[in-house]
Structure formats: C-alpha cells, structure tokens
Amino acid sequence: METTGTRTETLGIGEVAERTGLGVHALRFYEREGLLVGPVARTSGGRRRYAPVDVEWLSICVRLRESGMPLADLKRFAKLVRHGPGNEAERLRLLDVHRQRVEEQIRALQECRSVIARKVDVYAEHLARGAAGGLWDPTSTSRPDRPSGG
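Residues numbered from 1 in each chain as written. Predicted model: local features only at pLDDT ≥ 70, side-chain atom pairs only at ≥ 80, totals over all residues. Heavy atoms only, no water.

A look at the overall build of the protein chain
Note the cut-off: Numbering goes from the N terminus for both helices and strands, where a helix is a DSSP run of H or I of at least four residues and a strand is a run of E of at least two. Burial classes: relative accessible area under 20% of the type maximum marks a residue as buried, over 50% as exposed, and values in between as partly exposed (1.4 Å probe, protein chains only). Should any heavy atoms of two residues lie within 4.5 Å, those residues are counted as being in contact.
What the protein chain contains, in helices and strands, is five helices and four strands. Along the protein chain, helices and strands appear, N-terminal first, in the series β-β-α-α-β-β-α-α-α. Within the protein chain, buried positions represent 25% of all 150 residues. For the protein chain, the share of sequence-separated contacts (at least 6 apart) that also reach a separation of at least 24 residues comes to 48%.

Side note on helix H4 (residues 71-83)
Our working definition: The span expected for a helix works out to 1.5 Å for each residue beyond the first.
Between its first and last C-alpha atoms H4 spans 18 Å; for 13 residues at 1.5 Å apiece the expected length is 18 Å, and the two agree. If you follow the buried residues of H4, they end up packed against helix H3 (52-66) and helix H5 (88-129). The first or second residue beyond H4 is Gly 84, which carries a positive phi of 80 degrees.

Focus on the pattern of salt bridges
To be explicit about the condition: The salt bridge definition used is simple: a Lys or Arg side-chain nitrogen within 4 Å of an Asp or Glu carboxyl oxygen.
Enumeration over the complete set of coordinates arrives at 12 salt bridges. One salt bridge connects Asp 73 with Arg 101, and the closest N-O pair in it is separated by 3.2 Å. In this pair, Asp 73 sits in helix H4 while Arg 101 sits in helix H5, placing the two residues 28 residues apart along the sequence. Salt bridges sharing common partners tie together Glu 31, Arg 42 and Arg 48.

With respect to a nonpolar patch on the surface
Put simply, the rule is: Candidate patch residues must exceed 30% relative accessible area and have no salt bridge, after which like charges are joined if within 9 Å and Val, Leu, Ile, Met, Phe, Trp or Tyr side chains if within 5 Å. The accessible surface values rely on the Shrake-Rupley method and a 1.4 Å probe; as for residues, cover is taken only from the protein chains in view.
On the surface, Tyr 123, Leu 127 and Trp 136 cluster together to form a nonpolar patch covering roughly 350 Å² of accessible area. Take Trp 136: it is sitting in the segment after H5. Residue classification places Trp 136 among the exposed residues on the basis of a relative accessible area of 52%.

Section: the side chain of Asn 87
The line we're drawing: A 3.5 Å cut-off defines polar contacts: any pair of N or O atoms within that distance qualifies, except that in protein one atom must be a possible hydrogen donor and the other a possible acceptor, and neighbouring residues in sequence count only when both atoms are side-chain atoms.
Positionally, Asn 87 belongs in the loop between H4 and H5. At 2.8 Å, the side chain of Asn 87 forms a polar contact with the backbone oxygen of Leu 80.

Some words on the packing of H3 against H4
What counts, and what does not: Note on method: axes are straight lines fitted to C-alpha atoms, helices fitted across the in-contact stretch only, with angles between N-to-C directions ranging 0 to 180 degrees. Here is the rule for angles: anything less than 35 degrees is roughly parallel, anything more than 145 is roughly antiparallel, 65 through 115 is roughly perpendicular, and the remaining ranges are oblique. By convention the crossing between two helices is left-handed if the near helix lies anticlockwise of the far one by an angle smaller than a right angle, and right-handed if it lies clockwise. Lys, Arg, Asp and Glu make up the charged group, whereas Ala, Val, Leu, Ile, Met, Phe, Trp, Tyr, Cys and Pro make up the nonpolar group; the residues left over, Gly among them, are polar.
Closest axis-to-axis distance for the H3/H4 pair is 10 Å, and the angle between their directions is 150 degrees. Considering their axes alone, H3 and H4 lie roughly antiparallel with respect to each other. Of the two possible hands of crossing, H3 and H4 adopt the one that is right-handed. The residues of H4 that touch H3, namely those facing Trp 57, Cys 61, Leu 64 and Arg 65, are Leu 71, Leu 74, Phe 77, Ala 78 and Val 81. Taken together, the residues that form the contact of H3 with H4 break down as eight nonpolar, no polar and one charged.

Now the structure itself:
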C-alpha cells in the first residue's frame, strides 16, 4: 500500500491475530465495539488491512484487558485517544484508577501466594517426617487439634 510516496506495511487480520494473540473474531469485535483508535483500512475486495499503529494499539488493549480493565473503561480510553490532544488528564485518571485496581489484585494474589506457600511448607514438613496421614482429613471422626492443619 503506497502512502504519500513511502511504503507502509499493512497486515491482514490473520497476521494481526497472530501478533496480538487475539482471534479474528475478537479483532472484529474490537472494531465493532469502537475499541480501535482509527478505522481499519480495507482492500478493494473488502479485506481488512491493519497498519503497524493498529497492531501497537491492539497490543496495549490486550494488556489492559488481561489486567482486568472493564470493557467500558477501555472503550472510553479508546474514544479519548481518538479525539486527540486535550484530554490527557482524563486518560490519566482512567489509567490511574486501573493501575490502583491492578495493584490491589497483586496485593490479594500475594496474600494467596503466602497462604499456599505456608500449606506447601506444612505438607512438605509432614511428608518428610512421615507424619502426613490424616493431615487434613475431613472424614475423620476424631479431629485432634492441628494448629498447622491441612
């Protein structure tokens, strides 16, 4: 595809799917939902052709969605970017709220990891001592106190 005298590489939907990790149906969904920052170019036959900037933007979208950004927030962010300069403060607010959510998720996952690590240590210790029988046995009729329980 020629653009003002320079050659710009464009990619088909399958190539973009491969590069972004999104399926072709997800790419079409992103387009329908207004999640892209610009219109996707089409060939004379109607096939989508994505520019490098489209792939870069989609990669950002994938990370935002993978990190739990609500679809409504992603749509708002994309709309702000499409409108261009002058709304950076609102973009920052959206990203900052999302960053705070991600940090809370990380904190919660770290707590989960700590619980799991303690359980791994308890099981490993009991197995090493040969005393793992009944470590956590909810079917047992006698349930001795086990402060380090299952």
